[in-house]
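Survey of secondary and tertiary structure
Single-letter residue listing:
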Amino acid sequence: MNTPGSLTYVYAVTHRTGPPGDALTGLHGIGGAPLRLLPPLADSNDPAPRTSPASLAFVAGDVPEQDFNETALKNHFEDLGWLEYVARTHHDVVQAVAARAPVLPLRMATVYQDDHRARQALAAQQDVFSRRLDQLRAHTEYGVKIYLTPQAAQAPPAAPAPAAGPGKAYLQARRAQRHSHDAVYRQAEQAAETIEAVASRHATQRVRHAPQRGELTGSQENVLNDAYLIPDDQAGPFQAAIADAAQRFPDLRIEVTGPWAPYSFVMPAPGPTDAPEPPP
C-alpha cells in the first residue's frame, strides 16, 4: 500500500516467496523506504493462467511523487549527485536480492502511479519474466573491458638522427606517434578477438556495450566494453582464462568486473512473439 504523495518504484522482478523475501528483511530503498514484494494482479478472465500469479513479484518501494514524476525526473537527470545516489541505491537493492535468488533488474527510475498499476504491469509480462528467470538461474554477469593506457599510445623515444629543420623534425615526430598509435589499436583488436574466443568457451551469452567515455575512464581510452553471462560453475575458470589471455597484451589494461546481477540480459533479443512491452 502506497503512502500518501508517493509513487511505486520498482527495482527488479524475482520470485515471491523464500529467499527473496528474506533478503528484504532490514533492507531499505531510495529515501530509506522499506521494501515489499508485489505479486501480479490476478486476471479474473483467465481461468487457467500459464504462470501462477503467486510465483513472481516486483521488488518495490515508495518514492516521493514530487521527486519522481515526469517533470521532476527530467530535472533530476541533470543532477549528477542525485543520479549517483539513486543508481547506487537501486544497484544495492538488486544485488542484495540477487545474492539469494534469480533476479531480473529493471532500469533505474521505473515508477508506477501506485501498487495496483505496478501489479497490472507485472501480470501483463509475467510469462516472459518467468521464462527469463528460469534461463538465468545459476548464471551471473561479468564485464570485460579493454583500455588503452596513455603510455602505450605514446611514440617510443626517437633514435638520434642527423640535424633537421624544425618543420622536418615535427613531421618525423608526428609520423612516429601515428605509427605507435596504430600499432596499439591493432593490438587492441587482437586482444578483443582473443578474449571473445576465450570467453565463448565459458559464457552462454554476450552483449557488446558502447565503450565508456568521459569521467568513467579518466585518462585511459576504453575500446571494448562487453558483458558475458556465465554459469556459476564456470565463473572461476572464466576469470582465470581472461587473466591468462591478458598477459599476452602488456600494453593494454584488460579488466574483469563482477559478479553482477544480469543487468545486460534481462530480456532476450525480441522475437516475433516474445517482445514484452517496456515498463513506463
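None of the values given here were measured: they were computed from a predicted structure. (Residues numbered from 1 in each chain as written. Predicted model: local features only at pLDDT ≥ 70, side-chain atom pairs only at ≥ 80, totals over all residues. Heavy atoms only, no water.)

Let's talk about the nonpolar core
A general trend in soluble globular proteins is that nonpolar side chains are found buried together. Selection rule: Throughout, nonpolar core names a set of buried Ala, Val, Leu, Ile, Met, Phe, Trp, Tyr and Cys residues whose side chains join them through atoms within 4.5 Å. Buried, partly exposed and exposed residues are distinguished by accessible area as a fraction of the type maximum, computed with a 1.4 Å probe on protein chains only: under 20%, between the cut-offs, and over 50%, respectively. Numbering of helices and strands runs from the N terminus, with a helix taken as a DSSP run of H or I at least four residues long and a strand as a DSSP run of E at least two residues long. Two residues qualify as a contact provided that any one of their heavy atoms is within 4.5 Å of a heavy atom in the partner residue.
Ranked by internal contacts, the top residues of the largest apolar core, which has 23 residues, are I146, I195, Y228, F238, L252 and I254. Secondary structure elements with two or more residues in this core: β6 (139-148), α7 (166-199), β8 (221-231), α8 (235-246) and β9 (252-260). Here this core gets seven residues from one element, more than from any other, and that element is α7. When near neighbours in sequence (up to four residues on either side) are disregarded, I146 contacts A188, A191, A192, I195, E221, N222, V223, L224, L252, R253 and I254.

Here we look at helix α4 (residues 80-98)
Where we set the bar: What a helix should span is 1.5 Å times the count of its residues minus one. Directions pointing from the helix axis toward each C-beta atom define the arc. Here a polar contact is recorded for every N or O atom pair within 3.5 Å, except that within protein the pair must consist of a potential hydrogen donor and a potential acceptor, and residues adjacent in sequence are included only if both atoms are side-chain atoms.
Here α4 contains 19 residues, and its C-alpha end-to-end distance of 26 Å stays within 8% of the 27 Å for a straight helix at 1.5 Å per residue. Residues W82, L83, V86, T89, H90, V93, V94 and V97 constitute the buried set of α4. Mapping the buried residues of α4 onto a view down its axis gives an arc of 140 degrees, with all of them on the same face. Across α4 from its buried face, at more than 90 degrees, point the exposed residues L80 and R88. A distance of 3.1 Å separates the backbone nitrogen of G81 from a side-chain oxygen at the start of α4, and that oxygen is part of D79.

Some remarks on helix α5 (residues 115-136)
Since one α-helical turn is 3.6 residues long, residues separated by three or four positions face the same way. Going by this rule: To get the bend at any residue, fit one axis to the seven residues that end at it and another to the seven that begin at it, then take the angle between the two axes.
Relative to the 32 Å expected for 22 residues at 1.5 Å per residue, α5 spans just 26 Å between its end C-alpha atoms, considerably shorter than the ideal helical length. Remark: the principal bend of α5, roughly 65 degrees, maps to Q125. Sitting at the amino-terminal end of α5 is D114, which places a side-chain oxygen 3.2 Å from the backbone nitrogen of H116. Within two residues after α5, A138 carries a phi angle of roughly 60 degrees, on the positive side.

Considerations on the environment of R208
Here R208 is to be found in strand β7 (residues 205-208). For R208, a relative accessible area of 46% puts it in the partly exposed group. Filtering out sequence-adjacent residues up to four positions away, R208 remains in contact with E196, L224, N225 and D226. Of the polar contacts made by the side chain of R208, one reaches the side chain of D226; its length is 2.9 Å.

Focus: unusual backbone geometry
Residue P259 is reached from G258 by a cis peptide bond, and omega for that bond is 5 degrees. Relative to the assigned elements, P259 resides in strand β9. Positioned with a positive phi, A109 is a non-glycine residue whose angle comes to about 65 degrees. With respect to the helices and strands, A109 occurs in the loop between β4 (104-105) and β5 (111-112). Classification of A109 as buried rests on a relative accessible area of 11%. With phi around 60 degrees, A138 is a residue other than glycine that occupies positive phi space. Positionally, A138 belongs in the loop between α5 and β6.

Re the pattern of salt bridges
This is how the line gets drawn: Salt bridge criterion: a side-chain nitrogen from Lys or Arg within 4 Å of a carboxyl oxygen from Asp or Glu.
Taken as a whole and judged by the stated rule, the model has nine salt bridges. Linking E84 and R88 is a salt bridge whose minimum nitrogen-to-oxygen distance equals 3.3 Å. Taken as a pair, E84 and R88 lie in helix α4 at a separation of four residues, close to a single helical turn. R137 is paired through a salt bridge with D134; the nearest N and O atoms lie 3.2 Å apart. On the accessibility criterion, R137 (40% relative accessible area) is partly exposed. Its relative accessible area of 44% is what places D134 among the partly exposed residues. Members of the salt-bridge network, linked through shared partners, are R36, D62 and D115.

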